[in-house]
Amino acid sequence: MRPEEYQFLSDLLKKRSGLALTEDKTYLIESRLLPIARARRLADLSALYAELRAHPNEELLVEITEAMTTNESSFFRDIKPYEHLRQQVMPVLFGKLAAQKKIRIWSAACSTGQEPYSVAMCLQEDVGKMLGWKFDIVASDLAKKVVDKAKLGIYSQFEAQRGLPIQMLVKYFLSLSDTTWQIKEPLRSSVQFRTQNLLEDYGHLGQFDIIFCRNVLIYFDDVTKAQVTERMLRVLQPHGFLILGSTESLVDPKGQFAPFEDFRGAYRLK
């Protein structure tokens, strides 16, 4: 792939998804986009580049963008955030929102749904403390194909058992076959799935008390991180929590957030 072709593709991906690719990521573009080129009977990535320049149709652009997104996920990934959710965050919100008894949670960049379903299981485990409370869980991702999979709540044996305690597997999943499991109702219907690009406005999603945006900002440059932070600020309630991955840094140029106690990766408005 020629330098101008790589630059064109990386600029295209950054504009559409925020993904910031360095010059050493040629192998990543080649491994993920070459199958698309071959499926369209194009000889190589140079031919795909030529096709994009000549006929930049939306279907192809979406296919390329979705192919480059990383959809790594697992149930209760990095277990600590879920423990902190139950032990630190929820008690604060129960005090703040005792009058309306309603909490809205957004799992942004949810991939195939393991994160929002893990949150739903956490809430269900503490259901005795939450009688009379209403919980809205919204989950979104850029890629329609992973959102469609998340809606079905069907996972392979490996996906279902990865990070999930066996007692929760038995309690919240239905065995479809020796190698396939599905999230049971009503847990599955407790999560509303949407397609949503984090580079676009999400005011239509409403206001949230908790926003999970874990392990996605690491793929953005600092300018894009700051833009996403500002957009999330607009849909986060003044008492709300923004929860990033434990190894991610928050780019907050206006200094509007402060770390939350001993919960690494969690922030509240100052």
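Report follows, based on the coordinates.

**Focus on the layout of surface pockets**
Alright, step 1. The volume enclosed by the largest pocket comes to roughly 490 Å³.
Alright, step 2. Along the walls of the largest pocket sit 27 residues, with Thr70, Ala109, Asp141, Asn215 and Val216 positioned nearest its centre.
Alright, step 3. Broken down by class, the residue content of the lining of the largest pocket amounts to twelve nonpolar, ten polar and five charged.
Alright, step 4. As a volume, the second largest pocket reaches approximately 320 Å³.
Alright, step 5. Lining the second largest pocket are 16 residues, with Ala120, Leu123, Gln124, Leu187 and Ser190 positioned closest to its centre.

**Looking at the nonpolar core**
Soluble, globular proteins show a tendency: their nonpolar side chains are buried together.
Alright, step 1. Counting 43 residues, the largest nonpolar core has Phe75, Met121, Phe173 and Ile210 as the members making the most contacts within it.
Alright, step 2. Leave out the neighbours within four places in its chain, and Met121 touches Phe75, Phe76, Leu164, Met168, Tyr172, Phe173 and Leu187.
Alright, step 3. In this structure, Ala108, Leu198, Leu236 and Leu242 belong to the second largest nonpolar core, which totals 23 residues.

**Section: the sheet that holds strand β1 (residues 102-107)**
Alright, step 1. Read across the open sheet, the seven strands follow the order β6-β2-β1-β7-β8-β10-β9; overall the sheet is mixed. Two strands close off the open sheet at either side, each with one partner strand: β6 (191-195) and β9 (257-259). Averaged over neighbouring strand pairs, the angle between their axes works out to 25° when direction is ignored.
Alright, step 2. Taken together, the three bridges between β9 and strand β10 (residues 266-269) define a ladder with antiparallel strand orientation. Residue Pro259 lies in a different strand from β10, and its bridge partner there is Tyr267.
Alright, step 3. Contacts between helix α5 (residues 80-96) and the sheet are confined to β1, β2 (134-141), β7 (208-212), β8 (236-243) and β10, with β7 contributing the most and set at about 160° to the helix.
Alright, step 4. Contacts from helix α10 (residues 222-235) reach β1, β7, β8, β9 and β10, with the element oriented near 135° to β8.

Each value, and the rule that gives it
- Residues numbered from 1 in each chain as written.
- Predicted model: local features only at pLDDT ≥ 70, side-chain atom pairs only at ≥ 80, totals over all residues.
- Heavy atoms only, no water.
- 1 Å grid on protein atoms, 1.4 Å probe; cavity = no way out; pocket = protein on both sides within 12 Å on 5 of 7 lines; lining within 4 Å.
- Points joined across faces, edges and corners; volume = space filled by probe spheres on them.
- Nonpolar A, V, L, I, M, F, W, Y, C, P; charged D, E, K, R; others polar.
- Core = buried A, V, L, I, M, F, W, Y, C linked by side-chain atoms within 4.5 Å.
- Buried < 20%, exposed > 50% of the residue type's maximum accessible area, 1.4 Å probe, protein only.
- Contact = heavy atoms within 4.5 Å.
- Pairing = 2+ DSSP bridges.
- Helix = DSSP H or I, 4+ residues; strand = E, 2+ residues; numbered from the N terminus.
- Axes fitted to C-alpha atoms, helices over the stretch in contact; angles between N-to-C directions.

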